[in-house]
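Below, each chain spelled out in residue letters.
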Amino acid sequence: MPEYDYEIVDSNGQASQGRLEAASQAEAVRQLSSDGRTVVAVDEHRAPALGGWRRGLKAQDVAVAFNELATLLESGVALGEAVTAQARGTHHPRLSAAFDGMARDLMRGQSYLEVLRESALPLPEYVFQLVEAGELRGRLAEALRGAVQQMEYDLKVASDIRGALAYPAVLIVAGVAAVIVVFTFVVPQFTNLLESGSDLPLLASAVLGAGAWFNANAWLLAGTIVAVAAVVAALMRREAVRRRLTDAVARLPLVRGWFSEVDTAKWASVMGAMLASRVELMDALGLASRGVRISRRKEMLDRAADDVRSGVALSAALEKQDALTPTGYNLIRVGEQSGRLAEMMRALAKLYEENSARRMRRLLTFIEPAAVLLIGGFLGTIMIGMILAITSVNRIVL
């Protein structure tokens, strides 16, 4: 017989939780409704995954769940019913638990913004701002749709970057694996030439010496690599370290323009979503600036926001800080004059997205052959060293 987790409020207003067995959810509700008790929530108990392992919650899972919620609200479903339906959906257990908690809190009279913040879901800050604006204006469905579109845009940008770097990463991993195989199985066959005291060329001695050291210290090297990877992973969890690394990469000549345009496209996209949901301009500027990863560009946009606060038009403030291109200033200026700033921001985001995609393709045309040449050159050096060792021994024998 299935088990159901429940939350009830008794006649004295005291809330309690528990679990019971029942033939169905309706039967569980009938049992709990006796003696004047009010049923707040009844959900079938979900057993933990095998071995206690659960897949981590991904940003894609969150975007899909909120896309479904926005669709329900746009179809006229009441907020409480829509959230309850999401709690019972086939989502990640953490999402189902979060929606379940939101449904209970909504029944207690809390606003959706409050229950969303208390859910502790990994949501960008702009989601809360959009929800707040949507509740104030009675347009929650529209606000959630805007939040979902922005989350999907962020996922697309991240996916494009991962896709761009996937092939070079595969080449590098394959090259490193090839070097390890050569050092492990091929070079040791010739290390006896070092022990024999043969007069070997410098390159041959270096290659054979490196191979001998690698095989003698393989476990030490593996342990060092694991330790370094663990330290790097721990450091990358810190926001300050990630920001410094981003700033350092953004200063490199080949990727500087690409990173800048990706950041600007995201900023303009968030601005468009905020303004379309009737968020105040200054609030939108502050929120969009938080998503900018390059410190120099963030400072530039913050200074522009200060100028806007003092009464300067947005287009003029951005132009003063040299934050965009002339086309960008013109788009924003037209948006200010026509009252269609949100639309112009979306157009600006699309423009920068297309430009960043072109820069990314140009960068790939350099990275892929560079990776091939680097790995091929390294492997070629090893093979030349071994060939020199063999030929030098043959000359000594002759």
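See the structure shown above.
Residues numbered from 1 in each chain as written. Predicted model: local features only at pLDDT ≥ 70, side-chain atom pairs only at ≥ 80, totals over all residues. Heavy atoms only, no water.

## Things to note about the overall build of the chain
Selection rule: Comment: elements are numbered from the N terminus, with helices defined as DSSP H or I runs of at least four residues and strands as E runs of at least two. Only protein chains enter the area calculation, which uses a 1.4 Å probe; residues under 20% of their type maximum are buried, those over 50% are exposed, and those in between are partly exposed. Each accessible area is a Shrake-Rupley result for a 1.4 Å probe, and residues are judged covered by the shown protein chains and nothing else.
The number of helices and strands found in the chain is 17 helices and 3 strands. For the chain, the proportion of its 398 residues judged to be buried stands at 38%. About 22000 Å² of surface is accessible on the chain, with carbon and sulfur atoms providing 59% of the total.

## Topic: helix α2 (residues 59–74)
Each full turn of the α-helix corresponds to 3.6 residues, which orients residues three or four apart in the same direction. Put simply, the rule is: Helix span is expected to be 1.5 Å times the residue number reduced by one. By definition in these notes, contact holds between two residues if any of their heavy atoms fall within 4.5 Å.
Helix length check: α2, at 16 residues, gives a terminal C-alpha distance of 22 Å against a target of 22 Å (1.5 Å per residue), a fit within 8%. In this structure, the buried residues of α2 make contact with α3 (79–87), α4 (93–107), α5 (112–118) and α7 (140–186). Backbone geometry just downstream of α2 places G76 in the positive-phi region, at approximately 95°.

## Topic: the layout of surface pockets
Keep this limit in mind: Cavities and pockets were defined on a 1 Å grid built from protein atoms only: a cavity is a group of points that admits a 1.4 Å probe but offers it no way out, a pocket is an open group of points flanked by protein on both sides within 12 Å along at least five of seven lines, and a lining residue is one with an atom within 4 Å of any such point. Grid points are joined across faces, edges and corners, and a volume is the space filled by probe spheres set on the points.
Quantified by volume, the largest pocket comes out at close to 1200 Å³. Together, 39 residues line the largest pocket, and A158, I161, K266, G291 and R293 are the ones closest to its centre. Of all the elements in the fold, those that place two or more residues in the lining of the largest pocket are α2, α6 (125–136), α7, α11 (239–250), α12 (256–276), α13 (281–290) and α17 (341–397). A total of 8 residues in the lining of the largest pocket trace back to one element, the largest contributor, which is α7.

## A few points about the nonpolar core
Convention followed: In these notes, a set of buried Ala, Val, Leu, Ile, Met, Phe, Trp, Tyr and Cys residues joined through side-chain atoms within 4.5 Å is what counts as a nonpolar core.
Of all hydrophobic cores here, the largest spans 80 residues; its most connected members are F66, Y112, W267, L318 and M345. When residues of this core are assigned to their parent elements, the largest contribution, 11 residues, is made by α12. In contact with W267, other than residues within four places in its own chain, are L285, A288, S289, V292, L301, L318, M345 and L348. Membership of the second largest hydrophobic core comes to 12 residues, among which are F183, L200, A204 and M386.

## Brief notes about unusual backbone geometry
Positive phi outside glycine occurs at A120, with the angle close to 60°. In this fold, A120 is placed in the loop between α5 and α6. You will see that D322, though not glycine, has its phi angle at about 55°, which is positive. Inspection of the secondary structure assignment puts D322 in the loop between α15 (314–320) and α16 (326–338). Given the relative accessible area of 56%, D322 is considered exposed.

## What to know about the environment of P124
Tracing the chain through its elements places P124 in the loop between α5 and α6. Residues P124 and R290 lie 166 residues apart in sequence; the distance between their C-alpha atoms is 9.9 Å.

## Quick word on a nonpolar patch on the surface
Formally: The patch calculation keeps residues exceeding 30% relative accessible area without a salt bridge and links them within 9 Å when they carry like charges or within 5 Å when they are nonpolar (Val, Leu, Ile, Met, Phe, Trp, Tyr). The working definition used for a salt bridge is a side-chain nitrogen of Lys or Arg within 4 Å of a carboxyl oxygen of Asp or Glu.
A cluster of nonpolar side chains, contributed by V228, V232, M236 and L245, occupies part of the molecular surface with about 310 Å² of accessible area. With 3 residues, the single largest contributor to the nonpolar patch is helix α10 (residues 218–236). Tracing the sequence through the fold places V232 in helix α10.

## As for the packing of aromatic side chains
Heads up, the rule is: When two rings of Phe, Tyr or Trp (its six-membered ring) have centres within 6.5 Å they constitute a pair, described as stacked for plane angles under 30 degrees, edge-to-face for angles over 60, and tilted for the intermediate range.
The tally for this structure, following the rule as stated, stands at 2 aromatic pairs. Ring plane angle 45° and centroid distance 5.5 Å describe the contact between F66 and F99, whose orientation is recorded as tilted. You can see F66 sitting in helix α2 and its partner F99 sitting in helix α4, a full 33 residues away along the chain. By relative accessible area, F99 is classed as buried at 0%.

## As for the environment of R117
Within the fold, R117 resides in helix α5. When residues no more than four places from it in sequence are discounted, the contact partners of R117 are E125 and F128.

## Considerations on empty space enclosed by the protein
Let me state the cut-off plainly: In this count, Pro and Cys sit with the nonpolar residues alongside Ala, Val, Leu, Ile, Met, Phe, Trp and Tyr, while Asp, Glu, Lys and Arg are called charged and the others, Gly among them, polar.
Taken as a whole and judged by the stated rule, the model has 1 cavity of 30 Å³ or more. For the largest cavity, the calculated volume is near 40 Å³. Of all elements in the fold, only α6 and α7 reach the threshold of two or more residues within the lining of the largest cavity. Each residue belonging to the lining of the largest cavity can be placed in one class, and the counts come to 2 nonpolar, 2 polar and 4 charged.

## Brief notes about the packing of α6 against α12
Where we set the bar: Lines are fitted to the C-alpha atoms to define the axes, a helix being fitted only along its stretch in contact, and any angle between axes, read from their N-to-C directions, falls within 0 to 180 degrees. Here the word oblique covers every angle except those under 35 degrees (roughly parallel), over 145 (roughly antiparallel) and from 65 to 115 (roughly perpendicular). Whether a crossing is left-handed or right-handed is set by the direction in which the near helix is turned from the far one by less than a right angle, anticlockwise for left-handed and clockwise for right-handed.
It is the contact of α6 with α12, at a shortest axis distance of 9 Å, that shows an interaxial angle of 15°. By the angle class used here, α6 and α12 are roughly parallel. Between α6 and α12 the crossing geometry is right-handed. Contact with α6, carried on its side by Y126, Q129 and L130, involves V270, A273 and M274 of α12 and no other residues of that element. Residue composition of the contact of α6 with α12, by class: 5 nonpolar, 1 polar and no charged.

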